[in-house]
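Summary of structural features
Below, each chain spelled out in residue letters.
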Protein chains: 2
Amino acid sequence: MKRIAHIENDMSDKFGIPRQSGLVCDVISTIVFEPKYRNADAVKGLEDFSHIWIIWEFDTDTGKTSEEWSPMVRPPRLGGNTRVGVFATRSPNRPNPLGLSCVKITEITSSERGPLIRVAGADLKNGTSILDIKPYLPYTDSHPEASGGFADDHLNDTLNVIWSKDISPSLPDDIYKAASELLSQDPRPSYQNDPGRIYGMKYAGYDIRFKVDDKTLTVTEVEPA
Amino acid sequence: MKRIAHIENDMSDKFGIPRQSGLVCDVISTIVFEPKYRNADAVKGLEDFSHIWIIWEFDTDTGKTSEEWSPMVRPPRLGGNTRVGVFATRSPNRPNPLGLSCVKITEITSSERGPLIRVAGADLKNGTSILDIKPYLPYTDSHPEASGGFADDHLNDTLNVIWSKDISPSLPDDIYKAASELLSQDPRPSYQNDPGRIYGMKYAGYDIRFKVDDKTLTVTEVEPA
């Protein structure tokens, strides 16, 4: 498998990345092709599609060798305590480190680095290797009637995000909006309940500190990372 | 990348395989895990989902080495004459031989060969290597409002299928139904217009001969393959 492209965005830390694509649309990412695949012809026609699939490679810094695999995983959506078969989840801990994300095209431009595809809704860390890009075909890919298993029950588990008064004005507006949306997804590793604990999320060069009490997340401090 | 499973069905010939998943639902396929991945735990929870994604490996018997790639391809839906960027198509001739298909789960059973997932709507040839199986999550995967580019314009390009009187009764009913649905998708390599030409499609151990005049496909002969 060849790295044909990679993603560039403001999410340089694993912590805080949305758990699926399409959940956080204020984060804009750019798909940059590797030198060998920088060819405007290769994306010709893509401008007629609104969405694309990205097949990408999970960071495999899990400490496991590629020969090991776990039949069951603990999805964060289930609180991190319930085990489910790996093929019933989108967990990164799977036999082949393949990720699948649907993103919305916002712009396709040309540049010195070849064609650039700007997309909204990616759940990929900055620098992630991309193996394939395919158009989203609603007649075969869209199944609104599909039943979504355990994931359905936790769709509305978002947090209310409150910024301490003196913080938000100091951030650029787009970063403030994107960070708020990321935080509302509850970036904690699992549903912990420790209102006193301070967490940190890096985004767009900032270190954002916050705490969570029940359904309310309060940003307490923001510093350059 | 490891082959974790493969598909078993009645489509043993490349010719006649549907061009996308979900188009031909009368063809039932079985996903069989490779020995190392035969573990009932690994599919636990999948019974709550109606659809899954299959990420699979294209047959790369194209005569090209893996180092070559073509930025543009000629999709059959466009008659085979118009060139489009490879990343704006689902063509198999792409840098990494990755296929993506959404199929409907009809049954999950256990067997001597481990768990079997029976699915409807696959567009994979019998024996195709499967690299990953993921649940279909409608909240992130379903976008009925997405625009589908050139593919939208050719959605209704199906053929009326007529079987010569003395043929159809000799076929088992499920094979007759599935073959009819496959043929209605127009298995010809591109939109040729040669009403006299006899084509052949192998399915379920039968060699099915047919000709096409405008929008009507007539099955002229069926023999054991």
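This text goes with the structure placed above it.
In short, a report on the structure.

Calculation rules
- Residues numbered from 1 in each chain as written.
- Chains lettered and ligands numbered in written order.
- Predicted model: local features only at pLDDT ≥ 70, side-chain atom pairs only at ≥ 80, totals over all residues.
- Contact = placed C-beta atoms within 7 Å.
- Helix = DSSP H or I, 4+ residues; strand = E, 2+ residues; numbered from the N terminus.
- Nonpolar A, V, L, I, M, F, W, Y, C, P; charged D, E, K, R; others polar.
- Pairing = 2+ DSSP bridges.
- Axes fitted to C-alpha atoms, helices over the stretch in contact; angles between N-to-C directions.
- Core = buried A, V, L, I, M, F, W, Y, C linked by C-beta atoms within 7 Å.
- Buried ≥ 20, exposed ≤ 12 C-beta atoms within 10 Å, placed from the backbone.

It is worth spelling out the interface of chain A and chain B at this point. Interface size is commonly expressed as the accessible surface area that is lost when the partners come together. Contact with chain A, which involves 57 residues of that partner, is made by 57 residues of chain B. In terms of residues, the side of chain A that touches chain B owes the most to one element, strand 8 (residues 129-135) of chain A, which gives five residues. Here the residues of the side of chain A that touches chain B sort into 32 nonpolar, 16 polar and nine charged.

Residues and elements named next belong to chain A. Sheet topology places strand 1 (residues 5-8) next to strand 2 (residues 28-33); four bridges connect them, and they run antiparallel. Across the sheet, the residue bridging to Ile7 is Ile31, located in strand 2. Bridge count between strand 2 and strand 7 (residues 114-120): five bridges; the pairing is antiparallel. The partner of Ile31 across the bridge, within strand 7, is Ile117.

The next subject is the sheet that holds strand 12 (residues 216-224) of chain A. Residue and element names in this part refer to chain A. Spatial ordering of the open sheet is given by 9-12-11-10, a layout of four strands whose pairing is mixed. Looking at the sheet topology across the chains shown, the edges are occupied by strand 9 (160-163) and strand 10 (199-203). Between one strand and the next, the sheet's axes are offset by a mean angle of 35°, whatever the strand orientation. Strand contacts of helix 3 (residues 173-184): strand 9, strand 10, strand 11 (206-213) and strand 12, with the helix running at about 135° to strand 10, the strand carrying the most contacts.

A few words now on the sheet that holds strand 3 (residues 51-57) of chain B. Residue and element names in this part refer to chain B. Spatial ordering of the closed barrel is given by 1-2-7-6-3-8, a layout of six strands whose pairing is antiparallel. Within the sheet, the average angular offset between the axes of one strand and its neighbour, ignoring direction, is 45°. In this structure, strand 1 (residues 5-8) lies alongside strand 8 (residues 129-135), joined through two bridges in antiparallel fashion. Across the sheet, Ala5 pairs through a bridge with Ile130, a residue of strand 8.

In terms of nonpolar packing, the biggest core is built from 108 residues, with A:Ile55, A:Ile130, B:Ile55 and B:Ile130 touching the most fellow members. Excluding anything up to four places from it in sequence, A:Ile130 contacts A:Arg3, A:Ile4, A:Ala5, A:His6, A:Ile7, A:Ile31, A:Ile54 and A:Trp56.

What follows covers the pairing of strand 11 (residues 206-213) of chain B. All names here are of chain B. Sheet topology places strand 10 (residues 199-203) next to strand 11; five bridges connect them, and they run antiparallel. Its bridge partner being in strand 11, Tyr203 is matched across the sheet by Tyr206. Joining the antiparallel neighbours strand 10 and strand 11 is a turn of two residues, in which Ala204 adopts a positive phi near 55°. For strand 11 and strand 12 (residues 216-224), the ladder comprises eight bridges, and the chain directions are antiparallel. When the sheet's bridge partners are listed, Asp213 is paired in strand 12 with Thr216. The turn joining strand 11 and strand 12, which pair antiparallel and follow one another in sequence, is formed by two residues; a positive phi near 55° is taken by Asp214.

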